[in-house]
Amino acid sequence: MTTRLIETWLPIAALGEESVRERRSMTALPPTYYLHVWWARRPLVASRAAILAALLPADADRERFMHVLGIHGDPVKTKALPDFRGTHELF
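Described in the following lines is the structure provided in the data block. Since this is a predicted model, take the numbers as computed values, not measurements.

**Describing the overall build of the protein**
No. 1: Along the backbone of the protein there are 6 helices and 0 strands.
No. 2: Helices and strands in the protein line up, N terminus first, as α-α-α-α-α-α.
No. 3: For the protein, the proportion of contacts with a sequence separation of at least 24, taken over those separated by at least 6, is 73%.
No. 4: A total of about 7,400 Å² of accessible surface is found on the protein, and carbon and sulfur atoms cover 62% of it.

In structure tokens, the structure reads:
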């Protein structure tokens, strides 16, 4: 039996940041007629990553793995950068 990528490497921090970003795209509290959608929300990027990593061999290209998931760059480093949104109004 061959070793799978999920057994050797899974970028948990990057997947967590992407899950938070993905979740922010919806409003915090949907209307009551959308309640079933709200309860059914899942961390889609984390689910996709787990399935893909379970299928790929351990020597798969990690950069391409992240690209296929839609994570371009390093979301953990990006979160650490200062947030300058709205500061242009000060000047």
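**So, the environment of Arg48**
No. 1: Relative to the elements of secondary structure, Arg48 occurs in helix α4 (residues 44–55).
No. 2: For the pair formed by Arg48 and Val68, sequence separation is 20 residues and the distance between their alpha carbons is 9.8 Å.
No. 3: Filtering out sequence-adjacent residues up to four positions away, Arg48 remains in contact with Glu22 and Leu69.

**Focus: the packing of α4 against helix α5 (residues 62–69)**
No. 1: Two numbers describe how α4 lies on α5: the axes approach to 10 Å, and their chain directions differ by 140 degrees. On the basis of their axis angle, the class for α4 and α5 is oblique. The handedness of the crossing between α4 and α5 is right-handed. Residues Val45, Arg48, Ala49, Leu52 and Ala53 of α4 pack against Phe65, Val68 and Leu69 of α5.
No. 2: Per-class residue counts for the contact of α4 with α5 are 7 nonpolar, no polar and 1 charged.

Reading guide: rules and limits
- Note that residues are indexed from 1 along each chain, following the sequence as it is written.
- In view of the model being predicted, local features appear only for residues whose pLDDT reaches at least 70, and side-chain atom pairs are presented and counted only at 80 or more, with totals across whole chains, interfaces and linings using the full set of residues.
- The basis for every side-chain value is the complete set of heavy atoms in the structure, and neither hydrogens nor water enter the calculation.
- In this text, helices come from DSSP runs of H or I with a minimum length of four residues, and strands from runs of E with a minimum of two, each type numbered from the N-terminal end.
- We call two residues in contact whenever any of their non-hydrogen atoms come within 4.5 Å of each other.
- Using a 1.4 Å probe, accessible areas were evaluated by the Shrake-Rupley method; residue-level cover was limited to the displayed protein chains.
- Comment: axis = line fitted to C-alpha atoms, over the contacting stretch for helices; angle = value between 0 and 180 degrees taken between N-to-C directions.
- If an angle is under 35 degrees, it is roughly parallel; if it is over 145, roughly antiparallel; if it lies from 65 to 115, roughly perpendicular; otherwise it is oblique.
- For any helix crossing, the convention is left-handed if the near helix is rotated counterclockwise from the far helix by under a right angle, and right-handed if that rotation is clockwise.
- Lys, Arg, Asp and Glu make up the charged group, whereas Ala, Val, Leu, Ile, Met, Phe, Trp, Tyr, Cys and Pro make up the nonpolar group; the residues left over, Gly among them, are polar.

The values reported here are purely geometric and, on their own, carry no functional implication.
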